[in-house]
Amino acid sequence: MDLSSIRVISSALMLAVPMAAYGADEGRIPDEFEVTSGLGVATLNSGVGGTDSFTSITVNPAGVTKPKSYVVHGAFHWPTAGRDYYQLGVVDATMSPVSAGFSYTSSTEEYRYPVDGSADISPYDSPVSRRVSLALAQEFESVSIGIGGTYVEAKPSLDSVAYKQGEQHLKGVGLNIGLLGSVAPGWTVGASVQNLANKRISDFAPRTFRIGTAYQFSQLFTGNIDLRQRDRVSGFETNAGTIGGTIERGMDKAERMVIVSGTFQIQDYLKLLGSYGGSLTDDRSSLAGGVALNSKNFSLAYTASRPYLKLPTAHQAVTLNIEMAM
């Protein structure tokens, strides 16, 4: 594949994805509730059995042990509804024996409550002011163990007890725990739980259980299969099930979704990412993808996803992700 072909692929993605992504929005949870990273957008936030180190901070803290490098990440998200937001972070796996990861998510604007008749305020914006995640992990031969937490600051929902009691801000911490093990060369399995003990911030950091596996078929292709169970997001997700009739069953129980994702190394400098998710508990299905330009110490990725295939107007944030390894 020559340079002109790469330019054609990149240009097509950059032209096609935003046109689809910036349509009218109705009936889904805010993008930021599910997005773990810029690359996580393209893989539907999967990869508990092995993914990039920045996504691992929240998906599976045990995964920050690989690769053995110091990596700086940055991502900017342009959602189809609500405020733009950004993510910054660093993962240091060069320390011995503990690896560490840190990520910070915040918006470029202050959140405002939706008001009837106000066209510039989306009812599907995320009320989260900032989200800070920390992960610590240690590798023991073929098994890595990780632990971390996510601190959330948000404005309470209008129908919540906290808002009715006059609280202006909610603050809380969720606990994250993960395991990652090697079964055979190129084959890993993992399990994690995200946002345990999250009662105060459950509307903004839903409890999530993950189990999955990753297999590197060659130097060019890696595949992942994840099973994710996520608690419902009160208020927002109820709307997703009623507006347009996109979700017709299963709203009274946690969502269980199977996600298949993969990365394809086309050339030393070009990687394609893609994923598909199907819910086992409701009528939701999801599709995502992206393209990344890679060098030894630098990566630039452009990603997008459609989290509700049956709702054509609902698209995920278009995302630009930058990664530098040192």
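Residues numbered from 1 in each chain as written. Predicted model: local features only at pLDDT ≥ 70, side-chain atom pairs only at ≥ 80, totals over all residues. Heavy atoms only, no water.

**Q** Residue-level account of the overall build of the chain, with values.
**A** Assigned secondary structure in the chain consists of five helices and 14 strands. Among the 326 residues that make up the chain, the fraction classed as buried is 51%. Looking at the chain alone, contacts between residues at least 24 apart form 58% of all its contacts between residues at least 6 apart. With the model as given, the accessible surface of the chain reaches about 14600 Å², and the carbon-plus-sulfur share is 62%. (Helix = DSSP H or I, 4+ residues; strand = E, 2+ residues; numbered from the N terminus. Buried < 20%, exposed > 50% of the residue type's maximum accessible area, 1.4 Å probe, protein only. Contact = heavy atoms within 4.5 Å. Areas by Shrake-Rupley, 256 points an atom, 1.4 Å probe, with all protein chains shown as cover.)

**Q** Can you tell me about the pairing of strand β12 (residues 285-294), naming the residues and giving the values?
**A** The buried fraction of β12 is high, at seven of ten residues. Pairing geometry for strand β11 (residues 270-279) and β12, over nine bridges, is antiparallel. Counted as the bridge partner of Lys271 is Ala292 from β12. From the end of β11 to the start of β12, which pair antiparallel, there are five residues. Relative to strand β13 (residues 298-306), β12 runs antiparallel, the two sharing eight bridges. Bridging across to β13, Val291 finds its partner in Tyr302. (Pairing = 2+ DSSP bridges.)

**Q** Would you mind going over the nonpolar core in detail, with residue names and values included?
**A** Counting 14 residues, the largest nonpolar core has Ile29, Phe33, Val128, Val152 and Phe204 as its most contacted members. For Phe33, the residues in contact, after removing those within four places along its chain, are Ser126, Pro127, Val128, Arg131, Asp203, Phe204, Val233 and Phe236. Of all hydrophobic cores here, the second largest spans six residues; its members include Phe54, Val64, Ala135 and Ala137. (Core = buried A, V, L, I, M, F, W, Y, C linked by side-chain atoms within 4.5 Å.)

**Q** Describe the pattern of salt bridges, naming the residues involved and giving the relevant values.
**A** With the rule as written, the count across this model stands at 15 salt bridges. Between Lys66 and Glu139 there is a salt bridge, and its shortest N-O distance comes to 2.9 Å. With Lys66 in the loop between α3 (53-59) and β1 (70-78) and Glu139 in strand β4 (residues 128-140), the pair connects residues that are 73 residues apart, well separated along the chain. A relative accessible area of 28% places Glu139 in the partly exposed class. Among the charged side chains, a salt-bridge network with shared partners connects Glu34, Arg228, Arg230, Glu255 and Arg284. (Salt bridge = Lys/Arg side-chain N within 4 Å of Asp/Glu carboxyl O.)

**Q** Account for the confidence of the model for the chain, with residues named and values stated.
**A** Looking at the chain as a whole, the pLDDT averages 84, with 83% of positions reaching at least 70. Note on residues 1-26: pLDDT is under 50 here. Beyond four places in sequence and across chains, it has 39 contacts. Low pLDDT (under 50) marks residues 240-248, which in the prediction has 17 contacts with non-local residues, meaning those over four places away or in another chain. (pLDDT = per-residue confidence, 0-100.)

**Q** Provide a residue-level description of the packing of aromatic side chains, including the pertinent values.
**A** Using the criterion set out here, one finds seven aromatic pairs in the structure. Where Tyr86 meets Tyr104, the ring centres are 6.4 Å apart and the plane angle is 40 degrees; that geometry is what we call tilted. You can see Tyr86 sitting in strand β2 (residues 85-92) and its partner Tyr104 sitting in strand β3 (residues 98-107), a full 18 residues away along the chain. On the basis of relative accessible area, Tyr104 is assigned to the partly exposed category, the value being 22%. These aromatic residues form a ring-pair network of at least three members: Tyr215, Phe217, Phe221 and Phe264. In this arrangement the basic side chain of Arg284 is found over the ring face of Tyr308, its NZ or CZ atom lying 4.4 Å from the centre. (Phe/Tyr/Trp six-rings, centres within 6.5 Å; stacked < 30°, edge-to-face > 60°. Lys NZ or Arg CZ within 6 Å of the ring centre and 35° of its normal.)

**Q** Account for unusual backbone geometry, naming residues and giving values.
**A** Cis geometry is adopted by the peptide bond preceding Pro67, which originates at Lys66 and carries an omega value of -5 degrees. Inspection of the secondary structure puts Pro67 in the loop between α3 and β1. Even without glycine at this site, Leu44 takes up a positive phi of about 55 degrees. If you trace the backbone, Leu44 turns up in the loop between α2 (38-42) and α3. Positive phi outside glycine occurs at Glu141, with the angle close to 55 degrees. As for its position among the elements, Glu141 is in the loop between β4 and β5 (143-154).

**Q** Got a sec to walk through empty space enclosed by the protein? Specific residues and values, please.
**A** Per the stated rule, a full pass over the model turns up four cavities of 30 Å³ or more. When its volume is computed, the largest cavity comes out at roughly 250 Å³. What lines the largest cavity is a set of 21 residues, among which Phe33, Glu34, Val35, Thr36 and Gln194 lie closest to the centre. Elements with a minimum of two residues in the lining of the largest cavity: β3, β4, β7 (187-196), β8 (208-216) and β9 (221-230). Taken together, the residues that form the lining of the largest cavity break down as four nonpolar, eleven polar and six charged. Considered as a void within the structure, the second largest cavity measures approximately 110 Å³ in volume. Around the second largest cavity, the lining comprises 16 residues; the ones closest to its centre are Glu32, Arg83, Tyr85, Ser126 and Val128. (1 Å grid on protein atoms, 1.4 Å probe; cavity = no way out; pocket = protein on both sides within 12 Å on 5 of 7 lines; lining within 4 Å. Points joined across faces, edges and corners; volume = space filled by probe spheres on them. Nonpolar A, V, L, I, M, F, W, Y, C, P; charged D, E, K, R; others polar.)

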